[in-house]
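So the chains spell out like this:
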Amino acid sequence: MQSVNEQEVIVGNTRKHRSPFQLSLQRFLKNKLAIAGMIVLTIIIGSAVFAPLLTDHDPKEHNLLKVEQKPSKEHILGTDSSGRDNFARLLYGARVSLTIGISTMVFTVLLGMIFGTLSGYYGGKIDSIIMRITDLFLALPFLVLALTIIALLKKVTIGLFVVIIAVTSWPTLSRIIRGTFLSLREQEFVLGARAIGASDFRIIFRHFLPNAIGPIIVNATLLMAAMIIVESGLSFIGMGIPQPTPTWGNMISEAQGLRILRYHPEAWIPPGLAILLTVLSINFIGDGLRDAFDPKSDRR
């Protein structure tokens, strides 16, 4: 028993010399749901990237002679009400939906980091001004504000859609970053950096952001899942990416007629399932990252 205990002490001492990143990676790899989410999301992304190799059909090509056809060898998931191949639209729709989710997440995180950093680090009047702007955005319902902006535009492109969603959804992340920075301002290592004359730029990028990277990454993953749902919801009601551009939301919107819902489940179940699996996978990954970056978490 003594040798076993000594071995455990040695292993414990070895772990103490690992970097925080290595410890976080080890905790993440122990989360089975997070690993399953990574595998599923990788498959979905791979299907979107290699869509031209998986199908020969053009997702935008109309064929009125093949309207609402049942699944066959030529059309694995049948065709929609315009004669377009559902399988091709599913694969290429993954490209658009994932692009919107990732791009919106990146843009939102950048805005949230900029305003949250300025507010949490400098405080004072800068903090007051930014927080009042944040309160104004938070006082307005997110979807109502986004729908109002979209309704005022003549045509919504993917880039414009990303900008609209990001501009209306950054305040929540900004508040999270601000709160993290406020808790770091009085830490000894920050006060020490200021005492030796370190510049604001150095303190922010060498001390603040590395210590806030955990909450930022976790919220970024969850934000990506939320953005995919938002795009699908807005496309479903006709306020998102217009036809004939394929998205998962557009596919479900195209299939909302009673006849298609009843007799052609292959037209709306696959995109709905794709949204479900993608969002669940991203949420599982976000959950795993939260536990990995939180050393106090007892979920292993």
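Computed from a prediction, not measured in an experiment: that's the story for all the values here. (Residues numbered from 1 in each chain as written. Predicted model: local features only at pLDDT ≥ 70, side-chain atom pairs only at ≥ 80, totals over all residues. Heavy atoms only, no water.)

### A closer look at the confidence of the model for the protein
Any residue range with low pLDDT should be treated as having predicted coordinates unsuitable for detailed reading.
Stage number 1. In the predicted model, the protein carries a mean pLDDT of 81, and the fraction of residues at 70 or more is 89%.
Stage number 2. The secondary-structure element of the protein with the lowest mean pLDDT is helix 1 (residues 2–16), recorded at 43, while helix 3 (residues 32–49) shows the highest, at 92. (pLDDT = per-residue confidence, 0-100. Helix = DSSP H or I, 4+ residues; strand = E, 2+ residues; numbered from the N terminus.)

### Quick notes on the pattern of salt bridges
Stage number 1. Under the definition given, this model contains eight salt bridges.
Stage number 2. E74 is paired through a salt bridge with K66; the nearest N and O atoms lie 2.6 Å apart.
Stage number 3. Its relative accessible area of 43% is what places E74 among the partly exposed residues.
Stage number 4. In this structure, R89 engages D80 in a salt bridge whose closest nitrogen and oxygen atoms are separated by 3.9 Å.
Stage number 5. Note on R89: relative accessible area 2%, which makes it buried. (Salt bridge = Lys/Arg side-chain N within 4 Å of Asp/Glu carboxyl O. Buried < 20%, exposed > 50% of the residue type's maximum accessible area, 1.4 Å probe, protein only.)

### Concerning the nonpolar core
Stage number 1. Residues V109, F161, I165, F181, I203, F208 and W248 are the most contacted members of the largest nonpolar core, which totals 57 residues.
Stage number 2. In this structure, I203 is in contact with Y121, V190, A193, R194, A198 and F208, ignoring residues within four places of it in sequence. (Core = buried A, V, L, I, M, F, W, Y, C linked by side-chain atoms within 4.5 Å. Contact = heavy atoms within 4.5 Å.)

### As for unusual backbone geometry
Stage number 1. That bond from Q243 to P244 is cis: its omega, 5 degrees, falls within 30 degrees of zero.
Stage number 2. One can find P244 in the loop between helix 11 (200–236) and helix 12 (248–254).

### Examining the packing of aromatic side chains
Stage number 1. In total, this model carries six aromatic pairs according to the counting rule given.
Stage number 2. Aromatic pair Y121 and F208: ring centres 5.3 Å apart, planes at 80 degrees, arrangement edge-to-face. Of the two residues, Y121 is situated in helix 5 (residues 86–122) and F208 in helix 11; the sequence distance between them amounts to 87 residues.
Stage number 3. One aromatic cluster is present, built from ring pairs that chain together Y121, Y122, F181 and F208. (Phe/Tyr/Trp six-rings, centres within 6.5 Å; stacked < 30°, edge-to-face > 60°.)

### A look at the side chain of T168
Stage number 1. Note that T168 resides in helix 8 (residues 158–169).
Stage number 2. Here I164 takes part through its backbone oxygen, which lies 2.9 Å from a polar atom of the side chain of T168.
Stage number 3. Engagement of the side chain of T168 in a polar contact is seen with the backbone oxygen of I165, the distance being 3.1 Å.
Stage number 4. Setting aside its immediate chain neighbours within four residues, T168 contacts F137, F142, L145, A146 and I149. (Polar contact = N/O pair within 3.5 Å; in protein donor to acceptor, adjacent residues only side chain to side chain.)

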